[in-house]
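So the chains spell out like this:
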Amino acid sequence: MSISVEPALDRHLAEVLAHVRAYHQYEDIRLSDEQRVSAIRQLLGPSQVGRIFLIHHGAVMVGYIAVCFGFSIEFEGREASIDEMYIAPAYRKKGYGREALGLLESAMRGMNVRALHLEVARDNEKAQQLYHAAGFELREKYCLMSSVLVEPEAQQGAPEGPS
């Protein structure tokens, strides 16, 4: 396969935004384009909070992986969480996702990341199979819990799409 993974830069904003829109539509994540752009910009180029990695098949961008950084005492150092991963429908079921995850893991090791985490919907069995095949394991002892400290404007009634 000819998949490559490279960090997104400012010049990739429009292309990344198009894929993020598609992912958010698929997952029913309701943000305005203004909110998406604000979040994406924080992950373009070198950033202390995370990175967006473009997934290319040859010259075509087929998806992206957004990774956010943290620190873990348990893992004795820097950790990262896959916040979003998207492969365009025409490129699914070809092994590109698994290959992209392998390339991402190599990139994360190069950035001194000790552990890589992700969350996946309980009913998304296809994604769970992909992640398991890529070496991710369910941590049965733990469950993800969240406390939303600031409610995104879009979930408070902001319109969908560009303002």
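Residues numbered from 1 in each chain as written. Predicted model: local features only at pLDDT ≥ 70, side-chain atom pairs only at ≥ 80, totals over all residues. Heavy atoms only, no water.

J.: Let's hear about the pattern of salt bridges: which residues, and what values?
T.: Evaluation of the coordinates by the stated rule reveals five salt bridges. Among the salt bridges present, the one from Arg-30 reaches Asp-28, with a minimum N-O distance of 3.1 Å. Across the pair Glu-105 and Arg-109 runs a salt bridge whose closest N-O atoms are separated by 3.8 Å. In this pair, Glu-105 and Arg-109 are both assigned in helix H3 (residues 96-110), four residues apart and thus about one turn of the helix distant. Within the structure, one salt-bridge network assembled from shared partners comprises Arg-21, Asp-33 and Arg-36. (Salt bridge = Lys/Arg side-chain N within 4 Å of Asp/Glu carboxyl O. Helix = DSSP H or I, 4+ residues; strand = E, 2+ residues; numbered from the N terminus.)

J.: Residues and numbers for the environment of Gly-97, please.
T.: Tracing the sequence through the fold places Gly-97 in helix H3. The exposure class of Gly-97 is buried, given its relative accessible area of 11%. The spacing of Gly-97 and Ile-65 is 32 residues in sequence and 9.8 Å in space, taken between C-alpha atoms. Setting aside anything within four residues of it in sequence, one finds Gly-97 in contact with Met-85, Ile-87 and Leu-130. (Buried < 20%, exposed > 50% of the residue type's maximum accessible area, 1.4 Å probe, protein only. Contact = heavy atoms within 4.5 Å.)

J.: Could you give an account of the sheet that holds strand S2 (residues 50-57), naming the residues involved and the relevant values?
T.: Strand order in the open sheet made by the five strands is S1-S2-S3-S4-S5, with mixed pairing throughout. The outermost strands of the open sheet, each flanked by one partner alone, are strand S1 (3-7) and strand S5 (115-118). Along the sheet, successive strands turn relative to each other by an average axial angle of 30°, direction set aside. Here ten bridges tie strand S3 (residues 60-72) to strand S4 (residues 77-87), and the two strands are oriented antiparallel to one another. Bridge pairing in S4 places Gly-63 opposite Ile-87. (Pairing = 2+ DSSP bridges. Axes fitted to C-alpha atoms, helices over the stretch in contact; angles between N-to-C directions.)

J.: Which residues make up the nonpolar core, and what values do they have?
T.: Counting 23 residues, the largest nonpolar core has Ile-65, Val-67, Ile-82, Leu-101, Leu-104 and Met-108 as its most contacted members. At the level of secondary structure, the elements contributing two or more residues to this core comprise S2, S3, S4, H3 and helix H4 (125-133). Ranked by residue count, the leading element in this core is H3, at five residues. In terms of nonpolar packing, the next biggest core, distinct from the first, is built from 17 residues, Val-20, Ile-52, Tyr-86 and Ala-88 among them. (Core = buried A, V, L, I, M, F, W, Y, C linked by side-chain atoms within 4.5 Å.)

J.: How would you sum up the pairing of S3? Please name residues and give values.
T.: Each regular strand displays side chains that alternate between the two surfaces of the sheet. Looking at chain direction, S2 and S3 are connected through eight bridges and run antiparallel. Counted as the bridge partner of His-57 is Val-60 from S3. The antiparallel pairing of S3 with S4 creates a hairpin that spans four residues between the two strands, and Glu-76 there sits at a positive phi of about 60°.

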